[in-house]
Amino acid sequence: MGSQANREKAVLSRRTFLQGAFTVVATMSAGAVLSACASQEVAPASSSAASSATATGSLSADAASSSPPSEATGEAAAPAGSVLVAYFSATGTTRGVAETIAAHANADVFEISPVDSYTEEDLDYNSDESRTSVERNDPNRSIALVQTVPDGFDAYDTVFVGYPIWWGDASWVVDGFVAGNDFAGKTVIPFCTSGSSSIGSSGQNLAALAGSGEWLEGERFSGSTAAGEIEAWVEGLGV
């Protein structure tokens, strides 16, 4: 009786052991499978991250290679608008008119600047020794400019050219700008400032010097001309 009980207990213990072992093995196998699955899910994520990093690197390289000329080479990009107001101003009067035109026409502005600026003494028309008096009498005068060709000049369709009247004609400071640019295919509109002199033939003289472009009849303004009058003139041009 005792022997039979012992044999049944032994069988039960062995069965329990096998069941436990099977459970451990099954658990280990399931863990291995889960681990393998987890590895397979993580790997693509890592690959995606790497791909993303690579793609980002490529985009950065592409962005760098496609940077605007102004960033990549130092050259200026083409202007946003199609209207340019270029002017020379000795005392600030022409500058004021130019800025009013530019604001109303949504235009870019380019100042025609001589390398050597004019002082008050240079502008003394009553002195034969002043710079302007000497230049006026010099048929070979040539005024060096800081910059002759505006950035992106080819992109402009309409160009205003402003200047003060000196001795009945356009200030010769603008001669280098007019002669040094190609106005072909552009509409050119001269404007001037003076105390009392009219615009006269100054616009036609500049057109002849340029040799290209469709030059319209210009307009003269004084330092006291109201902004509304200037704006009305611009509107009448249909620019």
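Description of the structure in this document. (Residues numbered from 1 in each chain as written. Predicted model: local features only at pLDDT ≥ 70, side-chain atom pairs only at ≥ 80, totals over all residues. Heavy atoms only, no water.)

1. Observations regarding the overall build of the chain
Summing up its helical and strand segments, the chain has seven helices and seven strands in all. Written out in order from the N terminus, the α and β elements of the chain read α-α-β-α-β-α-β-β-α-β-α-β-β-α. The buried share of the chain, taken over its 239 residues, is 30%. When contacts within the chain are restricted to residue pairs at least 6 apart in sequence, those whose partners lie at least 24 apart make up 78%. Element-wise, carbon and sulfur atoms account for 52% of the exposed surface of the chain, whose accessible area totals about 14,000 Å². (Helix = DSSP H or I, 4+ residues; strand = E, 2+ residues; numbered from the N terminus. Buried < 20%, exposed > 50% of the residue type's maximum accessible area, 1.4 Å probe, protein only. Contact = heavy atoms within 4.5 Å. Areas by Shrake-Rupley, 256 points an atom, 1.4 Å probe, with all protein chains shown as cover.)

2. A few points about the packing of aromatic side chains
The tally for this structure, following the rule as stated, stands at 13 aromatic pairs. With centroids separated by 5.0 Å and ring planes inclined at 70°, the aromatic side chains of tryptophan 166 and tryptophan 172 adopt a geometry described as edge-to-face. Tryptophan 172 matches tryptophan 166 in its accessibility class, with the two residues each being buried. Ring plane angle 15° and centroid distance 6.1 Å describe the contact between tryptophan 167 and tryptophan 172, whose orientation is recorded as stacked. Taking the relative accessible area as the measure of exposure, tryptophan 167 reaches 33% and is therefore partly exposed. Exposure remark for tryptophan 172: the relative accessible area of 7% places this residue in the buried category. Its guanidinium or amino end placed over the ring of tyrosine 118, arginine 131 lies 3.6 Å from that ring's centre, counting from NZ or CZ. Over the ring of phenylalanine 153 we find lysine 186; its NZ or CZ atom is 4.7 Å from the centre of that ring. (Phe/Tyr/Trp six-rings, centres within 6.5 Å; stacked < 30°, edge-to-face > 60°. Lys NZ or Arg CZ within 6 Å of the ring centre and 35° of its normal.)

3. Examining helix α3 (residues 93-105)
Taking 1.5 Å per residue, 13 residues should reach 18 Å; α3 reaches 19 Å between its end C-alpha atoms and fits that length. Along α3, the residues that are buried comprise Thr94, Val97, Ala98, Thr100, Ile101, Ala102 and Ala105. Where α3 is buried, its residues meet β1 (83-87), β2 (108-111), β3 (158-166), β5 (187-193), β7 (219-221) and α7 (227-237). (Expected span 1.5 Å × (residues − 1).)

4. Focus on the side chain of aspartate 122
For aspartate 122, the position within the fold is in the loop between β2 and α4 (131-136). In this structure aspartate 122 comes out as buried when scored by relative accessible area, which is 15%. There is a polar contact of 2.9 Å between the side chain of aspartate 122 and the backbone nitrogen of threonine 119. Aspartate 122 has contacts with Ser117, Ser130, Arg131 and Thr132, leaving out every residue within four places of it along the chain. (Polar contact = N/O pair within 3.5 Å; in protein donor to acceptor, adjacent residues only side chain to side chain.)

5. A look at the pattern of salt bridges
Think of it this way: side chains of opposite charge can pair up when their charged atoms draw near. This structure, assessed with the given rule, holds three salt bridges. Taking the shortest distance from any N to any O, the salt bridge between arginine 95 and glutamate 111 comes out at 2.9 Å. Pair noted here: arginine 95 is in helix α3 and glutamate 111 is in strand β2, with a separation of 16 residues, a long-range link. The exposure class of glutamate 111 is partly exposed, given its relative accessible area of 32%. Connected via shared salt-bridge partners are Asp122, Arg131 and Glu135. (Salt bridge = Lys/Arg side-chain N within 4 Å of Asp/Glu carboxyl O.)

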